[in-house]
Amino acid sequence: MSLSIHPPSSSSGGDEPGFGTFRDPRTFVRVFVGAFLRDVHSFYPGCRIEPVPAPGAGRLTVASGRSNPGDGLGFEMADEDGDRTTAVWVSLFGTWHRLVPERPLGLGAQDRRLIRAVAAVLELNFQILFRRSRMSILQLRRGMPEDHYVAACLEPSAYAPAASATSRIAEAILTLRTMALSTYENRRVTTGALILGLVGDRGEGEDRRPAPPEALDFGVELTSLKSLHRLCDGRRTLFLVDRDGKLADVVDIRRWAGRDDQALADETPARDVPCARSYSAHARATRGGGDVCLVLSPNQEIKVFADGMQAFVFAHGRWRVLDPESKFAVWQAALSNPRLARILFQAALDLAEERQGGLLVVVDDPSQAIGRLLAPQDVLDFEAEAGGEPEPDPEPGPTALQVVDPWSDAATTGEPVVEALTKGSIRYLAGNRSLLSLDASVVEALASLDGALVTDGDGRLLAFGAILRHDAHSRIQATAEGARTTAAIVASRYGPVLKVSEDGIVSCFLGGERVWDL
């Protein structure tokens, strides 16, 4: 079927009442193009979308083939430059738009896969509308549209025109959404599912037995079983969903991931991307075979793990594309010490998972930072390094506690009984230490204190719990979101910074600019 975007010729009799709008093929063009742009913007709310004329020959690198517009949407996508593009050009029905991301990091491979997934789901809607697909439109109306876009990104075959069954991933997301609205014994429900991939076959063992004939479909209908909420907690145990969408088993995720580690040791090179320690086994369990892991966390987030890392998260009312691989690569490139980069990145992820704020700063030149960014009295071992007395506390307080005679109004004379304690009293615990030698839990504890954790490029701990200074040369032109964001922007002029918000978002600042959010 060919859709012309030219207006229909007028007739003397006029259009039939109620059908005039739908006789114009341009209505379908506006509906599908508008839905595409709206839904892409929901994943990238800060991006700029602008209509552009069709690009000239050789100007862009075509990233996906174009179908005949008469047979579908005629989706086409092209990159402006490089591996991480500063902008993407997309076309539906021959209408071109330019998508410009908000952050300087640009759009990576995972972002482009998601954009193609949005087009694929709308393409399937188009094919169903003209009865060219065996799938029912009601199957695409189960759950939110964004859920189907995430599922199509991870399981493209479920949204091909020839598909006839609902995506197992979309059905699992809807199930977790429903469980998030429930409580069990006055507690929020936490759960999860491991969905076996359609590619690869590593054999059946004790943990890979086939589902029995009476196995139930894993879907939202199961949420009516209250006892189901106790079977798995999402962190240690998960429901196992087989390739037919059946609830086949309940598995221990650490044991499952351990078996996969051995099976894939010689087959698949491991993706060296950190993940929050609470969910490292979930990420490892998806390294091969197209397996996907979904978790409803205690924070009522829906986490999606695929390809050995956390790919998506539903939090604060919307889906976010995480792409930790690209973001970790940017952070690692900003530091000269790869091991230090991993330690700090891991600590930031763990703090975010526990909903604890933090600020992790790596100064390129400590001599430039001390006195400008860091108060000398906050620097560990500063007196030994500088060869002089540290600056006095600008607001001196009481230095000791006196004992008062209960039978007299006068204070007891003589030496004080107890010296007053300050934050500086415990600096010896971290003095002359390197983050490279500290346990991960200790690094996380130091980073969780109010203030900033500051190191040099070699990992030597300079300060913890430090209140950063804002000198006259570090004034911020734009209005920052809060005190921690302001401190991160100022500190990033002295070296790379990771800021952890209490709402679970990790941000990277370089050169006074926010580069990415995770």
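Note that the coordinates shown come from a computational prediction; the quantities given were computed from them, not determined experimentally.

(A) Representation of the overall build of the protein. Along the protein, the regular secondary structure elements total 15 helices and 22 strands. Buried residues in the protein amount to 48% of all 518 residues. Expressed as a percentage of contacts within the protein between residues at least 6 apart in sequence, the contacts between residues at least 24 apart total 60%. Surface summary for the protein: the accessible area is close to 25,700 Å², and the carbon and sulfur share equals 52%.

(B) Structural detail: the packing of aromatic side chains. Scanning all chains against the criterion turns up 10 aromatic pairs. Positioned above the aromatic ring of Phe-314, the side-chain terminus of Arg-177 is 4.2 Å from the ring centre.

(C) Structural context of the sheet that holds strand S9 (residues 237-241). Sheet architecture is open: seven strands sit in the order S10-S9-S8-S11-S12-S13-S14, paired in mixed fashion. In this open sheet, the two strands that pair with only one neighbour each are strand S10 (247-252) and strand S14 (318-321). Put simply, the sheet's adjacent strands are angled 20° from each other on average, direction ignored. Inspection of the sheet shows strand S8 (residues 191-195) paired to strand S11 (residues 292-296) by five bridges, in the antiparallel sense. Note on S11: the bridge partner recorded for Leu-194 is Cys-293. In this fold helix H3 (residues 109-129) packs onto strand S13 (309-315) and S14, with an angle of close to 55° to the strand it touches most, S13. Contacts between helix H6 (residues 168-180) and the sheet are confined to S8, S9, S11, strand S12 (302-306), S13 and S14, with S11 contributing the most and set at about 10° to the helix.

(D) Structural context of unusual backbone geometry. A positive phi is found at Phe-93, a non-glycine position, where the angle reads about 55°. Positioned with a positive phi, Gln-300 is a non-glycine residue whose angle comes to about 65°. With respect to the helices, strands and loops of the structure, Gln-300 is situated in the loop between S11 and S12.

(E) Representation of the sheet that holds strand S20 (residues 497-500) within the structure. Pairing is mixed in the open sheet, where six strands are placed in the order S19-S18-S15-S20-S21-S22. Lying at the two open borders of the sheet, with one neighbouring strand each, are strand S19 (461-466) and strand S22 (513-517). Between one strand axis and the next, the sheet turns through 20° on average, direction left out of account.

(F) Highlighting the pairing of strand S15 (residues 358-363). Most of S15 sits out of view: six of its six residues are buried. Burial along S15 is two-sided: Gly-358, Leu-360 and Val-362 and Leu-359, Val-361 and Val-363, pointing in opposite directions, are all buried. Taken together, the four bridges between S15 and S20 define a ladder with antiparallel strand orientation. If you follow Gly-358 over to S20, its bridge partner there is Val-500. Pairing of S15 with strand S18 (residues 452-456) involves four bridges; the strand directions are parallel. Pairing of Val-362 across the sheet is with Thr-455, part of S18.

(G) How the structure looks around the packing of helix H2 (residues 26-43) against H3. Viewed as axis vectors pointing N to C, H2 and H3 meet at an angle of 150°, and their least axial separation amounts to 10 Å. It follows from the interaxial angle that H2 and H3 lie roughly antiparallel. With respect to the hand of their crossing, H2 and H3 are arranged in right-handed fashion. The segment H2 lies against H3, with Phe-28, Phe-32, Ala-35, Phe-36, Asp-39, Val-40 and Phe-43 engaging Leu-114, Ile-115, Val-118, Ala-119, Leu-122, Asn-125, Phe-126 and Leu-129. Considering only residue class, the contact of H2 with H3 consists of 13 nonpolar, one polar and one charged.

(H) Up close: the pairing of S19. Of all six residues making up S19, six are buried, and the element is well covered by its neighbours. Across three bridges, the pairing between S18 and S19 is antiparallel. From the neighbouring strand, Val-454 faces S19, where its bridge partner is Ala-463. Counted between consecutive antiparallel strands, the loop separating S18 from S19 contains four residues, among which Gly-459 sits at a positive phi close to 95°.

(I) Just the nonpolar core, in detail. Ranked by internal contacts, the top residues of the largest apolar core, which has 67 residues, are Phe-36, Tyr-159, Phe-312 and Trp-319. Top contributing element to this core by residue count: H3, with 10 residues. Not counting residues up to four positions away in its chain, the partners in contact with Tyr-159 are Ala-120, Val-121, Leu-124, Leu-140, His-148, Ala-151, Ala-152, Ser-167 and Ala-170. Core analysis: the second largest hydrophobic core is formed by 36 residues, Trp-331, Ala-347, Leu-453 and Trp-516 among them.

(J) Quick look at the side chain of Lys-327. The topology assignment puts Lys-327 in helix H10 (residues 324-334). Although Lys-327 is buried, it makes no salt bridge; Asp-323 carries the closest opposite charge, 6.4 Å away.

(K) How the structure looks around the packing of helix H11 (residues 338-353) against helix H14 (residues 440-447). Where H11 meets H14, the axes come as close as 9 Å, and the angle between the chain directions of the two elements is 65°. Our classification of the angle between H11 and H14 gives roughly perpendicular. When you trace H11 past H14, the crossing you get is right-handed. Counting all contacts with H11, which are made through Ile-343, Ala-347, Asp-350 and Leu-351, the residues of H14 involved are Val-443, Glu-444 and Ala-447. The residue makeup of the contact of H11 with H14, split by class, is five nonpolar, no polar and two charged.

(L) Highlighting the pattern of salt bridges. Tallied over the full model, the rule gives 17 salt bridges. Of the charged contacts in the structure, one is a salt bridge between Arg-355 and Glu-301, with a shortest N-O distance of 2.3 Å. Highlighted residues: Arg-355 in the loop between H11 and S15 and Glu-301 in the loop between S11 and S12, separated in sequence by 54 residues. Salt-bridge contacts for Arg-460 lead to Asp-456; the nearest nitrogen and oxygen are separated by 3.3 Å. The exposure class assigned to Arg-460 is partly exposed, which follows from its relative accessible area of 30%. Residue Asp-456 is classed as buried on the basis of its relative accessible area, which comes to 7%. Salt bridges here are not isolated pairs; linked through shared partners, they connect Arg-235, Glu-301, Lys-303, Glu-353 and Arg-355.

Criteria and cut-off values
- Residues numbered from 1 in each chain as written.
- Predicted model: local features only at pLDDT ≥ 70, side-chain atom pairs only at ≥ 80, totals over all residues.
- Heavy atoms only, no water.
- Helix = DSSP H or I, 4+ residues; strand = E, 2+ residues; numbered from the N terminus.
- Buried < 20%, exposed > 50% of the residue type's maximum accessible area, 1.4 Å probe, protein only.
- Contact = heavy atoms within 4.5 Å.
- Areas by Shrake-Rupley, 256 points an atom, 1.4 Å probe, with all protein chains shown as cover.
- Phe/Tyr/Trp six-rings, centres within 6.5 Å; stacked < 30°, edge-to-face > 60°.
- Lys NZ or Arg CZ within 6 Å of the ring centre and 35° of its normal.
- Pairing = 2+ DSSP bridges.
- Axes fitted to C-alpha atoms, helices over the stretch in contact; angles between N-to-C directions.
- Parallel < 35°, antiparallel > 145°, perpendicular 65-115°, else oblique.
- Left-handed = near helix turned anticlockwise from the far one by under 90°.
- Nonpolar A, V, L, I, M, F, W, Y, C, P; charged D, E, K, R; others polar.
- Core = buried A, V, L, I, M, F, W, Y, C linked by side-chain atoms within 4.5 Å.
- Lys, Arg positive; Asp, Glu negative; His and termini not counted.
- Salt bridge = Lys/Arg side-chain N within 4 Å of Asp/Glu carboxyl O.

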